[in-house]
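Breakdown of the fold
Each chain is listed here by its residues.
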Amino acid sequence: MFRAIIEVWQGKPVKSVLGKYFEDLAHLPGYNLDYILYALKWILDQEDVNFKGRPEKLQQMLDNKCKLAKVDVPQSRKGSQLAIFLFCDIFLGVHPVEALLSANLDIIPKFRG
């Protein structure tokens, strides 16, 4: 699943990635692979559109994690790289909650009383 996500992020058409991975991943529980890849493609594209830059130290941390997971970062994908950093952490064995915290994403639900 991780490699399928990365291939879409790096610019391969979802349809071709689906053809490559669909059979191997069809048995997984949850949403279908096509739903996940199309949704992520749109979300990641939007992150790139919204991107205004980040501190160099944080960028270096993201670059290092991607390199550790053997993920090449396309120059035009810096905005969505934070989400890919999260996936790289999980791929490398970090617990998903810890990966969310490492990416500085809020995981505490806001309760309405």
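Please refer to the structure placed before this passage.
Residues numbered from 1 in each chain as written. Predicted model: local features only at pLDDT ≥ 70, side-chain atom pairs only at ≥ 80, totals over all residues. Heavy atoms only, no water.

Looking only at helices and strands, the protein features 6 helices and 0 strands. Secondary structure of the protein in N-to-C order comes out as α-α-α-α-α-α. Computed over C-alpha atoms, the radius of gyration of the protein comes to 15 Å, within 12% of the 13 Å expected from 2.2 N^0.38 for 113 residues, which places it in the range of a compact globule. Reported as C-alpha extents along the three principal axes, the dimensions of the protein are approximately 45 × 40 × 30 Å. Evaluated residue by residue, the protein yields a buried proportion of 31% over its 113 residues. Here the contacts in the protein between residues at least 6 apart in sequence split such that 54% fall between residues at least 24 apart. Carbon and sulfur atoms provide 59% of the accessible area of the protein, an area that totals close to 7800 Å². (Helix = DSSP H or I, 4+ residues; strand = E, 2+ residues; numbered from the N terminus. Rg over C-alpha atoms; globule rule 2.2 N^0.38 Å. Buried < 20%, exposed > 50% of the residue type's maximum accessible area, 1.4 Å probe, protein only. Contact = heavy atoms within 4.5 Å. Areas by Shrake-Rupley, 256 points an atom, 1.4 Å probe, with all protein chains shown as cover.)

What follows deals with the side chain of Gln 59. When you line up the elements, Gln 59 lands in helix H4 (residues 56-68). In this structure the side chain of Gln 59 is engaged in a polar contact, spanning 2.7 Å, whose partner is the side chain of Gln 81. In this structure Gln 59 touches Arg 54, Lys 78 and Gln 81, once residues within four positions along its chain are discounted. (Polar contact = N/O pair within 3.5 Å; in protein donor to acceptor, adjacent residues only side chain to side chain.)

With respect to the helices and strands, Tyr 38 occurs in helix H3 (residues 33-50). C-alpha separation for the pair Tyr 38 and Val 71, spaced 33 residues apart in sequence, amounts to 20 Å. Excluding residues within four positions of it along the chain, Tyr 38 makes contact with Val 14, Lys 15 and Leu 18.

Among the nonpolar cores identified, the biggest contains 20 residues, and Leu 37, Val 71, Ile 84 and Cys 88 are the most heavily contacted of them. Contributions of two or more residues to this core are made by helix H1 (2-9), helix H2 (14-25), H3 and helix H5 (81-91). Sorting elements by how many residues they give to this core places H1 first, with 6 residues. (Core = buried A, V, L, I, M, F, W, Y, C linked by side-chain atoms within 4.5 Å.)

What follows concerns the pattern of salt bridges. Throughout the structure, instances matching the rule amount to 7 salt bridges. Put simply, Lys 20 and Glu 7 hold a salt bridge, and the shortest N to O gap is 2.9 Å. Of this pair, Lys 20 sits in helix H2 while Glu 7 sits in helix H1, and the two are 13 residues apart along the sequence. Assessed through its relative accessible area of 10%, Glu 7 is described here as buried. Measuring nitrogen to oxygen at the nearest pair gives 2.7 Å for the salt bridge that ties Lys 65 to Asp 89. Placement of Lys 65 in helix H4 and of Asp 89 in helix H5 is noted, with a sequence separation of 24 residues between them. Asp 89 sits in the buried class, given a relative accessible area of 2%. Shared partners join several salt bridges into a network, and the residues in it are Lys 41, Asp 45, Asp 48 and Arg 77. (Salt bridge = Lys/Arg side-chain N within 4 Å of Asp/Glu carboxyl O.)

Attention now moves to the packing of H2 against H3. Contact pair H2 / H3: the axes reach a minimum separation of 10 Å and the direction vectors enclose 145°. For H2 against H3, the interelement crossing comes out right-handed. Where H2 abuts H3, its residues Val 14, Lys 15, Val 17, Leu 18, Tyr 21, Phe 22 and Leu 25 lie against Leu 33, Asp 34, Leu 37, Tyr 38 and Lys 41. Class assignment of the residues belonging to the contact of H2 with H3 gives a composition of 9 nonpolar, no polar and 3 charged. (Axes fitted to C-alpha atoms, helices over the stretch in contact; angles between N-to-C directions. Left-handed = near helix turned anticlockwise from the far one by under 90°. Nonpolar A, V, L, I, M, F, W, Y, C, P; charged D, E, K, R; others polar.)

Everything listed here is a matter of geometry and, on its own, says nothing about what the molecule does.
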